[in-house]
Every structure is written in structure tokens, then in C-alpha cells.
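Structure at a glance
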Amino acid sequence: MIVKVKEPLSAEYPYLRPDLVVFTYLHLASSIELAEALMRSGVTALAYETVQRADGSLPLLAPMSEVAGKLATQVGAHCLEAQSGGRGVLMGGVPGVPPAEVVVLGCGSVGTNAAKVAVGMGASVTMLDINHDRLKYLDDMMSGRVVTVYSNSRNIERAVRYADLLIGAVLVRAARAPSLVTKAMVEKMKPGAVIVDVAIDQGGCVETIRATSHSEPTYVEYGVVHYAVPNMPALTPRTSTLALTNATLPYVEALANQGLDAALAADPALAWGLNTRGGEIVHPVVKAAFA
Ligand SMILES: NC(=O)c1ccc[n+]([C@@H]2O[C@H](COP(=O)([O-])OP(=O)(O)OC[C@H]3O[C@@H](n4cnc5c(N)ncnc54)[C@H](O)[C@@H]3O)[C@@H](O)[C@H]2O)c1
């Protein structure tokens, strides 16, 4: 068994083989090349991000989402500085000058953590989601310090237009992220506004987004600074490694001690992690994404 963090790189494809278990983040729905490599090799691949408990929670995605969410606001605040090409707006404002308008699209682990940091910095925060229960929970939990808005194209368009910082944090389980912020919406954003699309590892939820890297993290399109690094937690490896391995270790121990089949049979949450086996994609939602 190989335990990794990121998906197998193309240089690693020749090492994949039928009697090997790979346990790592895969994000298969956004990479047909990787899906084909896994199927060709016959490897058994378990994806952290599809391990799912009965209540729908994703225990192995959550720790990295918490890190990436908090980083999204931190990075976004930096991108808003004039030196970085941003509007030159201070997140918290000062007495007599309004704070930055932060819009968070998707209110799961990433979105909630991004909002917590933005509220802490004194920004004005709007959060959008299609999940009513989640909006209700956040409204209570944040004690009115954020504005919650139901997510539809009209409300997204309005919010995006006044945003200084837009954080993309949408996830449709095991599927490619929906392109909710269109090119036309980006064109209408304020000059020097910033987009941090954390959902880039699932393809991104902004039409004008493309993946960037830690060495060249941003580009400007339509006067808007775009940031879309797929592995944001690598910015803070000391925090991220401990957060991830705290969560993965019990599953690694179960696989190692019980063997693959017994471990999958004993724990339905882990069984949801199974993505490919014997040359087939076996996860129903991942399979549907390719269909
Ligand atoms: N770039 C990185 O380094 C990095 C790190 C961690 C996670 N991520 C990614 O961030 C994304 C979010 O992860 P998460 O853990 O917060 O997921 P999550 O499941 O906790 O939350 C996703 C939220 O999106 C909402 N949503 C779905 N469709 C929507 C729509 N049309 N409009 C508004 N909201 C909608 C869901 O209701 C849910 O509340 C994922 O793609 C994840 O892979 C990226």
C-alpha cells in the first residue's frame, strides 16, 4: 500500500500495478488522464475525498478544507494589496472607511473557514449556498456577522459585482465543480478585485479560472486578479501534514491490519473511498462524471 497526499504524477504511472493499493487524494472527475492510467494499471485506488460517513460528512477532505479555507482569505487579503495588482483595499477598513466586501460561494468546510477568518479581519462578508440548513446554521453560528444568501445565478451575479474578494468554495460530491461565475459576471467585477477559486482541484467554479502554481500564483483577466493553486495547504506544511495524518491514520491502520476486503466490509465510510479496482471505475458518482 502506498499512502500519499496528492494524486499519482504521470512519472509515477509505470509503478502502478494490480496488487497495489494507493490511498491518496485523487480528484478523478477532473482528470481523465489519471483515470485512464489507474484503469490501465489495474491498481486499487482509494480516494481520501470520497471517504464518506453516513451523515454525508467527508472526514478526509475536511482537514485540508479547513486549512485551505483559512488560507483563502489570508491569500486573498494579500492579493488585494496594490503591490500584488489588487484594488488596494484593507480587509478590515479603518474608522470612517468601509471594510472589504468578501463574497464566499459555497458554505461547506472551505467556505465556513474562509468566512471565519474574513470576519475576524473585520471584512463585510456575504455567504451563498444552495443548502438551506447550512445557511441557517451559519446565520446562527456567526451571530449575524455574515449575510447569508441563497445561491442562484441572479444572486451570484449581484454579489460578484460588488465583491472586492470572491472565494470559490463549491463542491458537488465526486463531480466536476459547476461553472457558477460566468465570464460575463467576471467582466462586470470591480477593477483590481480578486478571485480565489479554492474549488480549482475539481475544475473550479469560475469560467475564467485556470490552475496556477505556488511559483506563479496569480494572473489578471478582465482586470481581475485570479488565484487558483490546487494544493494550497502546501503553503503551511507543518499544520497541514499533522491535520491530514491525524485524520488518515485510523483508516491506514484498518487497511494494514485487516486487509483491503475486510477493512472495506467493516467500514462503509472507507468503502465509499474505493474509486478504481481491477481496471474499472467502481465509485458510482465518479463513474457518472465520466459518462
Ligand atoms: N485548492 C486547494 O488547495 C483545496 C484544498 C481543500 C479543498 N479544496 C476544494 O474546495 C472545494 C470545497 O470543499 P469543501 O470541503 O468546503 O466541500 P463541502 O462539501 O464541505 O462544501 C461544499 C459546499 O458547496 C455547496 N454548493 C454546491 N452547489 C452549490 C451551488 N450551486 N451554489 C452554492 N453552493 C453550492 C454545498 O451545498 C456545500 O455546502 C472542493 O472542490 C475541494 O476539493 C481545494
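Residues numbered from 1 in each chain as written. Predicted model: local features only at pLDDT ≥ 70, side-chain atom pairs only at ≥ 80, totals over all residues.

**Some details on unusual backbone geometry**
Outside of glycine, negative phi angles account for most residues, and trans bonds account for most peptide bonds. Rules: The secondary structure listing takes helices from DSSP runs of H or I that are at least 4 residues long and strands from runs of E that are at least 2 residues long, numbered from the N terminus. A residue is called partly exposed when the number of other C-beta atoms within 10 Å of its own lies between 12 and 20, exposed at 12 or fewer, and buried at 20 or more, with C-beta atoms placed from the backbone.
Its identity is not glycine, yet His27 carries a phi of approximately 45 degrees, on the positive side. You can see His27 is positioned in the loop between strand 2 (21–24) and helix 1 (32–41). In this structure, Ser143 is a non-glycine residue whose phi angle is positive, near 45 degrees. A count of 8 C-beta atoms within 10 Å places Ser143 in the exposed class.

**Some points on the pairing of strand 8 (residues 194–197)**
Operational definition: Pairing between strands is defined by DSSP: at least two bridges between them are needed.
Going residue by residue along strand 8, you find Val194 and Val196 tucked away on one face and Ile195 and Asp197 tucked away on the opposite face as well. Bridge count for strand 8 against strand 10 (residues 224–227) is three bridges, and the pairing is parallel. Along strand 10, the bridge assignment pairs Ile195 with His226.

**Things to note about the domain arrangement of the protein chain**
Definition in use: Note that the domain bounds reflect an automated or database-derived domain assignment. Any pair of residues counts as being in contact when their C-beta atoms, constructed from backbone geometry, are within 7 Å of one another.
For the protein chain, the domain assignment lists domain 1 (2–51 + 240–290) and domain 2 (62–235). A straight line from the C-alpha centre of domain 1 to that of domain 2 covers 29 Å. Contacts between domain 1 and domain 2 engage 13 residues on the former and 13 residues on the latter. Elements supplying a minimum of two residues to the side of domain 1 that touches domain 2: helix 7 (237–258) and helix 10 (284–290).

**Notes on the packing of helix 2 (residues 62–79) against helix 7**
We apply this condition: Lines fitted to C-alpha atoms define the axes, with helix axes restricted to the stretch in contact, and inter-axis angles between N-to-C directions lie between 0 and 180 degrees. An angle below 35 degrees is read as roughly parallel, one above 145 as roughly antiparallel, one from 65 to 115 as roughly perpendicular, and any other as oblique. Should the near helix be turned counterclockwise from the far one by less than a right angle, the crossing is left-handed, whereas a clockwise turn marks it as right-handed.
At a minimum axis separation of 8 Å, helix 2 and helix 7 run at an interaxial angle of 155 degrees. By the criterion of interaxial angle, the relationship of helix 2 to helix 7 is roughly antiparallel. For the pair helix 2 and helix 7, the sense of crossing is right-handed. For the pair helix 2 and helix 7, the contacting residues are Pro63, Met64, Glu66 and Val67 in the first and Thr239, Ser240, Ala243, Leu244 and Ala247 in the second.

**Looking at the site of the ligand**
How we decide: Each residue receives a C-beta atom built from its backbone; the residue is near a molecule or strand if that atom lies within 6 Å of it. Polar here means any residue outside two lists: the nonpolar Ala, Val, Leu, Ile, Met, Phe, Trp, Tyr, Cys and Pro, and the charged Asp, Glu, Lys and Arg; Gly therefore counts as polar.
The environment of the ligand is made up of 33 residues, and the closest members are Ser65, Ala68, Gly108, Ser151 and Met232. Only helix 2, helix 3 (109–120) and strand 5 (124–129) provide two or more residues apiece to the shell around the ligand. When grouped by side-chain class, the residues that make up the shell around the ligand number 21 nonpolar, nine polar and three charged.

**Observations regarding the nonpolar core**
What counts, and what does not: Structurally, a nonpolar core is described as a collection of buried Ala, Val, Leu, Ile, Met, Phe, Trp, Tyr and Cys residues joined by way of C-beta atoms within 7 Å.
Counting 86 residues, the largest nonpolar core has Val104, Leu105, Ile167 and Val198 as the members making the most contacts within it. The biggest single contributor to this core is helix 2, with eight residues. Here this core spans two domains, since at least three of its residues come from each of domain 1 (2–51 + 240–290) and domain 2 (62–235). Residues within four places of Val198 in sequence aside, it is in contact with Ala68, Ala72, Val110, Ile167, Gly168, Ala169 and Met232.

**A closer look at the packing of helix 2 against helix 3**
Where helix 2 meets helix 3, the axes come as close as 7 Å, and the angle between the chain directions of the two elements is 40 degrees. The angle between helix 2 and helix 3 places the two elements in the oblique class. In terms of crossing hand, the pair formed by helix 2 and helix 3 is right-handed. Every residue of helix 3 that contacts helix 2 at Ala62, Ser65, Glu66, Ala68, Gly69, Lys70, Ala72, Thr73 and Gln74 is listed here: Ser109, Val110, Gly111, Thr112, Asn113, Ala114, Val117 and Ala118.

**Section: the sheet that holds strand 2**
The strand order across the open sheet formed by five strands is 1-2-3-11-12, and the pairing between neighbours is mixed. Either end of the sheet is taken by a strand with one partner, and the two such strands are strand 1 (2–3) and strand 12 (280–281). Examined bridge by bridge, strand 1 and strand 2 share two bridges and lie parallel to one another. Residue Ile2 lies in a different strand from strand 2, and its bridge partner there is Val22.

**Describing the sheet that holds strand 9 (residues 218–221)**
Taken in spatial order, the seven strands make up an open sheet running 6-5-4-7-8-10-9, and their pairing is mixed. Edge positions in the open sheet fall to strand 6 (146–150) and strand 9, since each of these has one partner strand only. Strand-to-strand twist of the sheet, defined as the mean angle between neighbouring strand axes without regard to direction, takes the value 20 degrees. The pairing of strand 4 (residues 101–105) with strand 7 (residues 165–168) spans four bridges and is parallel. Bridge pairing links Val102 to Leu165 in strand 7. Where helix 4 (residues 132–141) meets the sheet, its contacts fall on strand 5 and strand 6, and the angle it forms with strand 6 comes to roughly 170 degrees.

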